[in-house]
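Listed here are the chains, written in short residue letters.
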Amino acid sequence: MTRRAEEAGRRAARLSALLADASTEAISAAGGHTGGVYLRSGTPGLLRLAVLAGLPGPLFRPWWRMHVDRRFPVADAFRLGVQVVLPNATETMRRYPQFAAGLPFQFGSLYVPVSDGSATYGVLAVLRPSVADATEVLAGRDRMAGLADDLGAALSELADGDGSAVTWDCEPLCVRPPAVRGFEGRIGRFTWDPATDTLSADECCHVLLGLPAAEFPGTGRALAEAVTDGEAHQVLTALRAAAAGRPGTLPLPVRTRGGALRLMEFWTSYVTPTPGTYRVSGIVRDPGPGPVGDAAADLLPDGVFCVDRLGMIVYANPRAAQLLGLPRRRLEGRSLWECVPGLDHPTYDDHLRAALLSPDPVHFHVAEPSGEETGAGAGTGPGTGAASARRNPGRLLALSVHSGPGLLTCVLRPIHAADAPAGAPAEALVQPEAGPGIASAAPPTGEAAVDGPADSDASAEPAPAEAATATPDATPAPAPAPPGSVTGPAAHMYRPIVLAIALTEAVTARQVSAVVMQELLPAFGGNRLAIYLLQERHLYLAWETGFPKGFLVPFEGVGLDARIPGVETLTTGRPLFFDSMRQLADAYPGLALDADVGSRAFLPLIASGRPVGTCILGFDRPRAFSGEERTVLTSLAGLIAHAMEKAQRYDSEAALARGLQQALLPRRLAVHPEVETAGRYLPGTQGMEVGGDWYDVVAAGDGLALVIGDVQGHGVQAAATMGQLRSAVKAFALGDRPPDEVMSSTNRLLIDLDPGQFASCCYIRLDPSTGLARVARAGHPLPLLRHPEGRTEVCDIPGGVVLGVDTQAQYPVGELRLERGAVLALYTDGLVERPGLDIDVGVSALRVALSRVGSAAAWPAGNSLTSVADRLTATARHTADRPDDIALLLAMRRPSPARPR
């Protein structure tokens, strides 16, 4: 192994250790039952779940990947650099409906960004029991913040200038958290360093194993030799597995040389590891009354078994072994999904998530397995022989899952025919039933996505599109999904509801396409996407990603008479699936292909019976599209089509609104030889990109009126109201009425118009010869004044309530003096507001920026304010996510009166 490879391995091991330690410590710090760390990946804008402690990873596969611009708590914590506190399910649904829709259970959660002050590496997250108010978890959040700071500093040191060293592009590392349950028996503790084979044990450990401390050589083998000869190798195997990062899942029962029963547990400490080797911690305990409790459970007539929080069975009584058709020794230590057939169905996944995340019990039905399915006849013990013969394969079993902080207790009992759901076939699984408190746990996507079991269409006549792609002996085996991709029936059933909710927030065709790229491609492991929209019987490209540069150019504007799959899927209304590129080439000879290997899906976008366009999904490996995948993809195409149809209408309305707004904004500002002005307007980037902000400069007698305002809301109504207010203020200003009268009259006018909106406004009447400015404000941000020497201050001007609220509102007039060379700045809140920050922070930042860039205004030339206005709005102009529109108006008294030529 080269030195570079050794260093990379050492860094990877250290990274895993840091993340695992932080996750388990955060669980204890925040009083949670599950923790994890999301880390940056090699894909820009994508976070990956790197470590998950306390939950089975495959059960939460849909949440392994997270785009930073999604409306999820993890994404907000990373993108905004803020802590997110969700004390309960109600608050989660209010703030993050997409997240709550996927996990509709009673739990709270905390999210803290992991940063070193200059770079954000990821997010530390903890899921915990629900509480009524956020104040109850603030102490835990603060402790988590300290852990996140420590982790950020450690990651910065590990990166050492190489950002790729602290990214994650693999599946999450699933970690078993420390046991939270106390034991009545005595407990001894030990640690083992495999690099030096040094084992340190406390006094209680020596007593429990019958090893005098003076005679103990302090090695791993010596610990193993303290138990009976038949069990020593089990202890050594457990030690080595933990040292390799694979700690055992069960307490290991052993007997000392004196015959006493002891339970041993081992876990990986993740302390200063060398590549592939970790220090090991463990305990030896006297089980106390535990065997008595197990013996009592062994006598129960119902099947009882316990599962840890990673899904491993840690105890099963004889009746459970009999009903599940496996001997007890084969049940304990195996995954729940291995031992209970059929639990990989998405509905069961949702109920198991409920049991893991919420305190309420879950009840549902499974089918008793046949001996052939589980191999019940193998081995000896309960569940074999006569006991096994009394089982009734295919009979329904009622399974109840009761959640605890460290274990889930499952109760299994047969259902008599009279109690079985009507019409349920004996050999089939039935739809699970929700227990108390989890009526919403069943995935709301099941009916919308699939009308029956995954293979319900197997006997139906295949669609022509499917028949055309079915080539004998040409169907390749499904390609393995890339690491972190969301696969499996649970993910497919989960996706329609997530996509539907995400599409409700997308209002433009571009936003819809971006949502499809973020949700659809990761869900099915695709790497190419193209969306074509229909316009005047031709298809035009609206979005593409992953295709070779220039490959799609020849297909731009293709007519509906062309024989290509993207057209035929739309004209026939049937999706086309090609398991390999060879199938595609055979079906369409002469068609240009972008790759030699892979598979393609062509989905028609049809909304309300009207063709909208075509969606093309590309995969870089051959794959067989299952019946369930085809059904889900077709239903998702319908969601996309309706969203695109809505987006097209929205784009048309937005174009009209933008035209209206441009017509209402001033084409030019009034000029005065002693005053220079400059204005800027930036529409918001969300919604219709139109709003109610405006500015104006009006000749008022022998002076100038400077006006800026902000109508509440966005869209056509806000723009129309803005136009009415601007016209009214201009009319009052042309009459040179005092500022307070202008504001009062405009207020009454807005109330009489009754648009259901209110507005803020700032009106300044400036005397250019003296520099006296008389100001009236209606709920608008305070002006900024930059003095000629560079000092900049926030003008303390009195004000009244916003316009449109109170017909009797009074607007006091304040005064300020504008010296020659000084700059007066009026602005709307869109320029200074930032999510998660107080507006005063934004005002202070604008004041500092004006002080720094405003020196150009001292120039006697005529266009100095233009560059100042551009520089003050530069950051906002290059911000893609700008929720509010922005108006800025600058005014400066020239250093000396202009001289006539």
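Now for a look at the structure at hand. For clarity, every value in this text was computed on a predicted model and none was experimentally measured. (Residues numbered from 1 in each chain as written. Predicted model: local features only at pLDDT ≥ 70, side-chain atom pairs only at ≥ 80, totals over all residues. Heavy atoms only, no water.)

Quick word on the side chain of Thr-873
Right, so step 1: If you trace the backbone, Thr-873 turns up in the loop between α26 (864-872) and α27 (874-877).
Right, so step 2: A polar atom in the side chain of Thr-873 sits 3.4 Å from the backbone oxygen of Asp-870.
Right, so step 3: In this view, Thr-873 contacts Arg-680, Leu-682, Leu-831 and Leu-888; residues no more than four positions away in its chain are not counted. (Helix = DSSP H or I, 4+ residues; strand = E, 2+ residues; numbered from the N terminus. Polar contact = N/O pair within 3.5 Å; in protein donor to acceptor, adjacent residues only side chain to side chain. Contact = heavy atoms within 4.5 Å.)

A look at the state of the cysteines
Right, so step 1: Under the definition given, this model contains zero disulfides.
Right, so step 2: Its sulfur unpaired, Cys-306 is 7.5 Å from the next cysteine sulfur, which belongs to Cys-410.
Right, so step 3: Residue Cys-410 is classed as buried on the basis of its relative accessible area of 2%. (Disulfide = S-S within 2.5 Å. Buried < 20%, exposed > 50% of the residue type's maximum accessible area, 1.4 Å probe, protein only.)

Thoughts on the nonpolar core
Right, so step 1: In this structure, Tyr-111, Phe-305 and Phe-364 are the most contacted members of the largest nonpolar core, which totals 56 residues.
Right, so step 2: Counting residues per element, this core draws most heavily on helix α13 (residues 346-357), which supplies six residues.
Right, so step 3: Among residues more than four places away in sequence, those in contact with Tyr-111 are Pro-73, Val-74, Ala-77, Val-82, Gln-83, Val-84, Leu-86, Phe-99, Val-123, Leu-124, Ala-125 and Leu-127.
Right, so step 4: Grouped together as the second largest cluster of nonpolar side chains are 35 residues, Ala-22, Val-137, Met-144 and Ala-154 included. (Core = buried A, V, L, I, M, F, W, Y, C linked by side-chain atoms within 4.5 Å.)

What to know about the sheet that holds strand β17 (residues 407-414)
Right, so step 1: Read from one edge of the open sheet, five strands run β14-β13-β17-β16-β15, paired in antiparallel fashion. Either end of the sheet is taken by a strand with one partner, and the two such strands are β14 (313-316) and β15 (362-367). On average, adjacent strands in this sheet sit at an angle of 25° to one another, irrespective of strand direction. (Pairing = 2+ DSSP bridges. Axes fitted to C-alpha atoms, helices over the stretch in contact; angles between N-to-C directions.)

A look at the pairing of strand β1 (residues 34-40)
Right, so step 1: With respect to burial, β1 is a largely interior element, six of its seven residues being buried.
Right, so step 2: Here six bridges tie β1 to strand β2 (residues 46-53), and the two strands are oriented antiparallel to one another. Considered in β2, the bridge of Gly-36 is made with Leu-52.
Right, so step 3: Between β1 and β2, which pair antiparallel one after the other, the connecting turn spans five residues, and Gly-45 there sits at a positive phi close to 80°.

Brief notes about the pattern of salt bridges
Right, so step 1: What the rule picks out here adds up to 21 salt bridges.
Right, so step 2: One salt bridge connects Glu-91 with Arg-95, and the closest N-O pair in it is separated by 4.0 Å. Residue Glu-91 and its partner Arg-95 are both found in helix α3 (residues 89-95); the two are separated by four residues, about one turn of the helix.
Right, so step 3: Take Glu-91: its relative accessible area is 21%, and that puts it in the partly exposed class.
Right, so step 4: Owing to a relative accessible area of 27%, Arg-95 belongs among the partly exposed residues under this scheme.
Right, so step 5: In this structure, Arg-894 engages Glu-676 in a salt bridge whose closest nitrogen and oxygen atoms are separated by 3.7 Å. Note that Arg-894 is positioned in the segment after β33 (886-893) and Glu-676 in strand β24 (residues 675-682), a separation of 218 residues in sequence.
Right, so step 6: Through salt bridges with shared partners, a single network forms among Glu-91, Arg-94 and Arg-95. (Salt bridge = Lys/Arg side-chain N within 4 Å of Asp/Glu carboxyl O.)

A word on the sheet that holds β33
Right, so step 1: Here five strands make up an open sheet; going across it, the order is β24-β33-β32-β29-β30 and the pairing antiparallel. Of all strands in the sheet, those bounded by a partner on one side alone are β24 and β30 (792-794). When the angles between neighbouring strand axes are averaged without regard to direction, this sheet yields 15°.
Right, so step 2: Across five bridges, strand β32 (residues 823-827) lies against β33 in antiparallel orientation. Note on β33: the bridge partner recorded for Ala-825 is Leu-890.
Right, so step 3: This element, α26, spans β24, β32 and β33 of the sheet and lies at about 30° to β24.

Overview of α26
Right, so step 1: Every buried residue belonging to α26 is among Ser-864, Leu-865, Val-868, Ala-869 and Leu-872, and all of these are buried. Mapping the buried residues of α26 onto a view down its axis gives an arc of 130°, with all of them on the same face.
Right, so step 2: Looking at the packing, one finds that the buried side of α26 touches β24, β32, α25 (839-853), α27 and β33. (Arc of directions from axis to C-beta.)

Examining the packing of α25 against α26
Right, so step 1: Contact geometry for α25 and α26: axes closest at 10 Å, N-to-C directions at 145°. The interaxial crossing formed by α25 with α26 has right-handed handedness. Within the contact between the two elements, α25 uses Leu-846, Ala-849, Leu-850 and Val-853 and α26 uses Val-868, Arg-871 and Leu-872.
Right, so step 2: Looking at the contact of α25 with α26, its residues break down into six nonpolar, no polar and one charged. (Left-handed = near helix turned anticlockwise from the far one by under 90°. Nonpolar A, V, L, I, M, F, W, Y, C, P; charged D, E, K, R; others polar.)

In short, geometric facts, not functional conclusions.
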